Amino acid sequence: FEVRVLKGNVAMLAPCRTAVRSWNKVAAFLPRTGVLAGNSQTSFSRNTWAQPTFARGMAARATPHGGKLVDLMVTGAEKDAAIKKCNVPELELSERQACDVELLTTGAFSPLDGFMNEDVWKHVLDEMRLPGSNVLFGLPVVLDTDRSDLVAGKTVALKFQDQIIGVLEIESAWKPDKATECKQSYGFTTLEHPGCRMIAMERKHTYIGGKLTGTGTPKRVYPVMGPAALRETLPGTKDVVAFQCRNPIHRAHYELFIRALDAPNVEKGSVVLVHPTCGPTQEDDIDGVTRFKTYEVLKKELNDKRVHWAYLPYSMHMAGPREAIQHMLIRKNYGCTHFIIGRDMAGCKSSITGDDFYGQYDAQDIAKKHSKELDMQVVPSLDILYTEEEGYTTVDIAKAKKLHPVKLSGTEFRRKLRAGEEIPEWFAFKSVVDVLRESV
């Protein structure tokens with residue numbers, strides 16, 4: 001193993017045999033490098049030995065959220081020792097919970113090193129920040145259970161599909177005020193909101209928090225790269241513009257993220273990271289496996305070196321503005337420097353009236369407000385449409401030139417999909433449509 005120490009833009013390597021036993025060796029090495037002299041960026045801890053703080057100009061140059069990239073994964077003897085400490089029966093996880101475990105243990109939720117305890121949970125709800133450090137954090141990350149034996153002082157193995165993927169040392173257990181949690185997280189308490197339904201109807205009556213150790217990652221249909229691995233695939237001297245989506249990508253989506261590379265605040269020659277969430281989302285969305293298949297065929301069809309692809313095992317809350325902050329800090333941990341914010345990002349509609357819960361620009365407004373603090377630039381998505389005369393263009397240009405827009409509603413698209421009718425290629429990629437038809 002080795003610990004990377006950054007002095008200016010120069011990386012120096014401190015050779016180590018193991019993470020824990022080499023701590024003293026690393027500490028002794030640092031003064032000899034001179035990295036403690038003010039102009040350095042150093043990231044290390046007893047628990048996460050080899051995760052650097054990436055400097056500008058190095059691989060995936062965005063600094064991780066909170067200053068360091070957390071890595072809670074252990075292998076070999078350390079893994080065996082962690083599992084051996086468990087003193088209660090295993091806890092079987094849902095897919096949503098397994099997503100949270102994976103994002104915690106691989107560092108996507110940096111700087112968190114486990115599921116939130118009650119005081120952290122409450123502080124994030126009230127202030128949208130972590131206590132003590134005051135680091136911005138959009139939404140709580142909690143583990144729910146209905147088991148009475150999971151109390152402070154116990155250690156439990158977390159199991160998903162016959163695989164132990166983590167070990168939680170429980171530090172607190174409490175009965176959450178779910179109405180307050182919904183109001184603070186989503187701005188609403190009605191069950192018409194999918195996030196409120198999730199908290200009220202999916203989550204159990206008790207939350208448990210504590211330090212987490214990763215012992216494995218879930219076996220999934222889609223490949224998952226953790227933040228450290230993905231950073232190594234991204235260019236270190238160019239901007240990386242993140243595009244978040246939870247639906248299949250159609251022509252309009254493509255136009256949005258490819259045009260983002262020409263935004264005034266994006267360097268020429270930069271790349272876009274298409275980083276869809278493939279975990280659970282609201283009830284009427286297309287399932288994650290089908291979405292993944294559509295992304296794979298489109299990646300092959302586009303074959304564009306400017307477009308990088310990766311998949312995120314994240315479960316959507318549909319929390320609008322606060323979820324936009326969550327997405328930004330996650331993509332910052334993956335090495336992105338810019339984030340595309342669309343209209344009504346992570347928004348949702350009432351299950352009864354169909355009315356939007358959030359304003360079209362609420363997510364953009366909160367992202368812009370905190371952009372400087374997050375050290376991540378916002379790229380607002382353009383208002384684009386398809387026209388008879390010039391194909392895709394912006395709404396402003398279409399109005400100025402008096403172009404004629406061509407529209408196809410989502411409802412009509414789904415009807416055509418089910419009926420096997422032709423879908424215009426200006427609206428959707430044929431390769432994507434073929435995959436969707438197979439799943440209907």
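Remember, it's a predicted structure, so these values are computed and weren't measured experimentally.

Asker: Explain the nonpolar core to me, please; I cannot follow it from the model alone.
Answerer: General note: in soluble globular proteins, nonpolar side chains tend to be found buried as a group. The biggest cluster of nonpolar side chains holds 75 residues, and the ones touching the most others in it are Phe-109, Phe-115, Leu-158 and Leu-168. Ranked by residue count, the leading element in this core is helix H10 (residues 321-333), at 5 residues. Discounting residues that sit within four places of it in the chain, Leu-158 has contacts with Leu-91, Leu-93, Val-101, Phe-115, Leu-143, Gln-163, Ile-164, Ile-165, Gly-166, Leu-168 and Leu-212. Judged by nonpolar contacts, the second largest core, of 38 residues, contains Val-272, Val-274, Leu-417 and Leu-436.

Asker: Explain the sheet that holds strand S14 (residues 377-380) here, please?
Answerer: Two modes of strand pairing occur in sheets, parallel and antiparallel, and in both the strands are linked by backbone hydrogen bonds. Strand order in this open sheet of 5 strands is S12-S11-S10-S13-S14, and the pairing throughout is parallel. Single-partner strands in this sheet number two, and they are strand S12 (307-309) and S14. The mean angle between the axes of side-by-side strands here comes to 30°, regardless of whether they run parallel or antiparallel. With 4 bridges connecting them, strand S13 (residues 338-341) and S14 associate as parallel partners. Its bridge partner lying in S14, His-338 is registered against Gln-377.

Asker: Would you mind going over the packing of aromatic side chains with me for this structure?
Answerer: Here the distance between the centres and the angle between the planes together describe a pair of aromatic rings. One pass over the full model with this rule turns up 16 aromatic pairs. For the ring pair Tyr-254 and Phe-257, a centre distance of 5.4 Å and an interplane angle of 85° mean the geometry is edge-to-face. With Tyr-254 and Phe-257 both in helix H8 (residues 251-259), this residue pair falls 3 residues apart, about one helical turn. The exposure class of Phe-257 is buried, given its relative accessible area of 0%. Measuring from centroid to centroid gives 5.1 Å for Phe-292 and Tyr-311, while their planes differ by 90°, and the two rings are edge-to-face. Pair noted here: Phe-292 is in helix H9 (residues 288-302) and Tyr-311 is in the loop between S12 and H10, with a separation of 19 residues, a long-range link. The buried category is assigned to Phe-292, whose relative accessible area is 10%.

About the thresholds
Residues numbered from 1 in each chain as written. Predicted model: local features only at pLDDT ≥ 70, side-chain atom pairs only at ≥ 80, totals over all residues. Heavy atoms only, no water. Core = buried A, V, L, I, M, F, W, Y, C linked by side-chain atoms within 4.5 Å. Buried < 20%, exposed > 50% of the residue type's maximum accessible area, 1.4 Å probe, protein only. Helix = DSSP H or I, 4+ residues; strand = E, 2+ residues; numbered from the N terminus. Contact = heavy atoms within 4.5 Å. Pairing = 2+ DSSP bridges. Axes fitted to C-alpha atoms, helices over the stretch in contact; angles between N-to-C directions. Phe/Tyr/Trp six-rings, centres within 6.5 Å; stacked < 30°, edge-to-face > 60°.

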